[in-house]
Amino acid sequence: MTRRSTTKSKQQDAAPPAPTIPKIPPAQVLPRLAALRTAPIAQLKQQWRELFGKEPPPFSRSYITSRLAYRIQELAYGGLKPETRARLEALGEQLDGGNVVLRRIRADSRPLPGTRLIREHDGVQHVVTVRADDFEYEGRPYRSLSAIARHITGTRWNGWAFFGLRQPGGGA
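Residues numbered from 1 in each chain as written. Predicted model: local features only at pLDDT ≥ 70, side-chain atom pairs only at ≥ 80, totals over all residues. Heavy atoms only, no water.

A.B. asks: So what exactly am I meant to see when it comes to the overall build of the protein here?
C.D. replies: When you go through the protein residue by residue, the secondary structure sums to eight helices and four strands. Shown N-terminal to C-terminal, the secondary structure of the protein runs as helices and strands in the order α-α-α-α-α-α-β-β-β-β-α-α. Looking at the protein as a whole, 25% of its 172 residues are labelled buried. Taking contacts inside the protein between residues at least 6 apart in sequence as the whole, the part at least 24 apart equals 31%. Carbon and sulfur atoms provide 54% of the accessible area of the protein, an area that totals close to 12800 Å². (Helix = DSSP H or I, 4+ residues; strand = E, 2+ residues; numbered from the N terminus. Buried < 20%, exposed > 50% of the residue type's maximum accessible area, 1.4 Å probe, protein only. Contact = heavy atoms within 4.5 Å. Areas by Shrake-Rupley, 256 points an atom, 1.4 Å probe, with all protein chains shown as cover.)

A.B. asks: Would you mind showing me how to read unusual backbone geometry here?
C.D. replies: When glycine is set aside, most residues are seen to have a negative phi, and most peptide bonds are trans. With a phi close to 55°, aspartate 122 is a non-glycine residue in the positive phi region. Positionally, aspartate 122 belongs in the loop between β1 (116-121) and β2 (124-130). Phi at glutamate 138 takes a positive value of approximately 55°, unusual for a residue other than glycine. Its place among the elements puts glutamate 138 in the loop between β3 (135-137) and β4 (140-142). What makes glutamate 138 exposed here is its relative accessible area of 58%.

A.B. asks: Sorry if this is basic, but what is going on with the sheet that holds β4 here?
C.D. replies: Backbone hydrogen bonds are what pair the strands of a sheet, in a parallel or an antiparallel way. Read across the open sheet, the four strands follow the order β1-β2-β3-β4; overall the sheet is antiparallel. Of all strands in the sheet, those with a lone pairing partner are β1 and β4, marking the two edges. Adjacent strand axes in the sheet meet at a mean angle of 30° when their direction is disregarded. Note: β3 against β4, three bridges, orientation antiparallel. In the sheet register, phenylalanine 135 faces β4, and the bridge partner there is tyrosine 142. Contacts from helix α7 (residues 145-153) reach β1, β2, β3 and β4 within the one sheet, and its direction differs from that of β3 by about 15°. (Pairing = 2+ DSSP bridges. Axes fitted to C-alpha atoms, helices over the stretch in contact; angles between N-to-C directions.)

A.B. asks: Got a minute to help me understand the side chain of arginine 71 in this structure?
C.D. replies: For arginine 71, the position within the fold is in helix α4 (residues 61-77). On the basis of relative accessible area, arginine 71 is assigned to the buried category, the value being 15%. Not counting residues up to four positions away in its chain, the partners in contact with arginine 71 are Ile21, Leu51 and Phe52.

In structure tokens form, the structure reads like this:
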């Protein structure tokens, strides 16, 4: 039986050094933000690697651009204060008991109040406004989208499917 050298095992166990994230001078913020709009996606991904120190996610251009814009400003002006981060974490734990998976799921899949749902049916455009506890259609409150769809069509419909919020048959 041979013994490994402790120096060698420490070198193997050591994590690679953290990437150095550049500080961005405030004078460069506006030109860099403006350049994001016209930069090719390959350049945006390279900026992601430089500013976040990791590979970019496989998301849309608009997502990458918005996160880069935030990161540029964060590196120039500073991010959230540690006490603000701690407060947000504490509030999140009150809501979900510290379960990070639950934190990523909207508590309610219902559209936000104020959202306008527009659907054309039989050549007529129908507009529904989402309110905090119900829906408004033609100036009247309705408890469900299905009731509005039934009023419009005269037949029973899943209101979420009728307004395009869910695929017919229950899919998202």
